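What the coordinates show
Residues per chain, in single letters:
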Amino acid sequence: MMIRNIWAIGRNYADHAKEMGATISERPMIFLKAGSSASVNSTEIILPYWTQEVHHEVELALKLSPHLHIIEGAVALDLTERNLQSEAKKQGTPWTLAKSFHNACAVSAFFMIRKLEEIQDLRLRLWVNDELRQEGRTSQMIHSPAKMLSYVKEHFPVCPGDLLLTGTPSGVGPLRAGDRVKAEIEGQISHTWTIQVEAPPATENT
Ligand code: MG
């Protein structure tokens, strides 16, 4: 099924908010990634040629049922062009270019979630070329999945099959062509991607 919307939360782990020099607000900080920026269960991530500093952000992704309950989970990468995001933050402009490019949301296969208690304390990790870069536990979230879902449903036109991205722990960093990225939600799912960068368009000769 085509994913319509990806509702993402920023600054949901205190240690990551700190590394970004961001303050934590009481209200969840929600932004959108285009549903069409998702690539589900692919082995390669092809980044646009114009990106320069794409950072990995490992996150627990949650899929909504026809009745808008959380029914499935996955491990996902909220890929972010950090230079463009920093520029947008400075200028007070939207983050779309930094967050919604082609393949900006890499998602593993999904696992079933029967009760929300099953996801309340899962270990999340990410390795780049076998080096551990990010580690956290879902119990460290500032806004729990239940709280995030109720906030998003209250304010936005949420659809069946939409994804929630629940935020990233500290340790975000750049990805380069050829990198092998492994992300895991312990005991549930693990996925490995290879990073590629698309070739720039050929310049036209006249
Ligand atoms: Mg994120």
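Refer to the preceding data block for the structure.
Now for a look at the structure at hand.

Basis of the calculations
Residues numbered from 1 in each chain as written. Predicted model: local features only at pLDDT ≥ 70, side-chain atom pairs only at ≥ 80, totals over all residues. Heavy atoms only, no water. Pairing = 2+ DSSP bridges. Helix = DSSP H or I, 4+ residues; strand = E, 2+ residues; numbered from the N terminus. Axes fitted to C-alpha atoms, helices over the stretch in contact; angles between N-to-C directions. Buried < 20%, exposed > 50% of the residue type's maximum accessible area, 1.4 Å probe, protein only. Lys, Arg positive; Asp, Glu negative; His and termini not counted. Salt bridge = Lys/Arg side-chain N within 4 Å of Asp/Glu carboxyl O. Polar contact = N/O pair within 3.5 Å; in protein donor to acceptor, adjacent residues only side chain to side chain. Contact = heavy atoms within 4.5 Å. Arc of directions from axis to C-beta. Patch = residues over 30% accessible without salt bridge, like charges linked within 9 Å, V, L, I, M, F, W, Y side chains within 5 Å. Areas by Shrake-Rupley, 256 points an atom, 1.4 Å probe, with all protein chains shown as cover.

A sheet is described by the order of its strands in space; here five strands give the open sequence E4-E16-E15-E11-E12, paired in mixed fashion. At either margin of the open sheet sits one strand with a lone partner, and together these are strand E4 (44-47) and strand E12 (131-137). Going from strand to strand, the sheet's axes swing by 20 degrees on average, the running direction of each strand aside.

Turning to the sheet that holds strand E8 (residues 80-81), a few remarks are in order. Read from one edge of the open sheet, three strands run E8-E5-E14, paired in antiparallel fashion. Only two strands of the sheet have a single neighbouring strand rather than two, namely E8 and strand E14 (173-174). Looking at chain direction, strand E5 (residues 54-56) and E8 are connected through two bridges and run antiparallel. The residue bridging Val-54 from the neighbouring strand is Glu-81, located in E8.

Note on placement: Asp-179 falls in the loop between E14 and strand E15 (180-185). Despite being buried, Asp-179 has no salt bridge partner; Arg-133 is the closest side chain of opposite charge, sitting 5.9 Å away. A distance of 2.8 Å separates the side chain of Asp-179 from the backbone nitrogen of Arg-176, its partner in a polar contact. Each residue touching Asp-179, except ones within four places of it in the same chain, is listed here: Val-128, Asn-129, Pro-174, Trp-193, Thr-194 and Ile-195.

Next up on the list: the environment of Asp-130. For Asp-130, the position within the fold is in the loop between strand E11 (123-128) and E12. Here Asp-130 falls in the exposed class, since its relative accessible area comes to 60%. Placed 48 residues apart in sequence, Asp-130 and Gly-178 show a C-alpha to C-alpha distance of 13 Å. Within the local environment of Asp-130, its side chain forms a polar contact with the side chain of Arg-180, the two groups lying 3.2 Å apart.

Attention now moves to helix H2 (residues 82-91). Residues of H2 that are buried include every one of Arg-82, Gln-85 and Ala-88, and no others. Summarising the axial view, the buried residues of H2 lie within an arc of 120 degrees, below the 170-degree limit, and thus occupy one face. Exposed side chains of H2 directed beyond 90 degrees from the buried face belong to Lys-90 and Gln-91. Among the structural elements, E5, E8 and helix H3 (96-99) are those in contact with the buried residues of H2. Just beyond H2, the residue with positive phi is Gly-92, at close to 70 degrees.

One non-glycine residue, Asn-41, adopts positive backbone phi at about 60 degrees. Topologically, Asn-41 is positioned in the loop between strand E3 (38-40) and E4.

For the rest of this paragraph, the subject is a nonpolar patch on the surface. On the surface, Tyr-49, Trp-50, Leu-97 and Val-197 cluster together into a nonpolar patch covering about 370 Å² of accessible area. With relative accessibility at 40%, the residue Tyr-49 sits in the partly exposed group.

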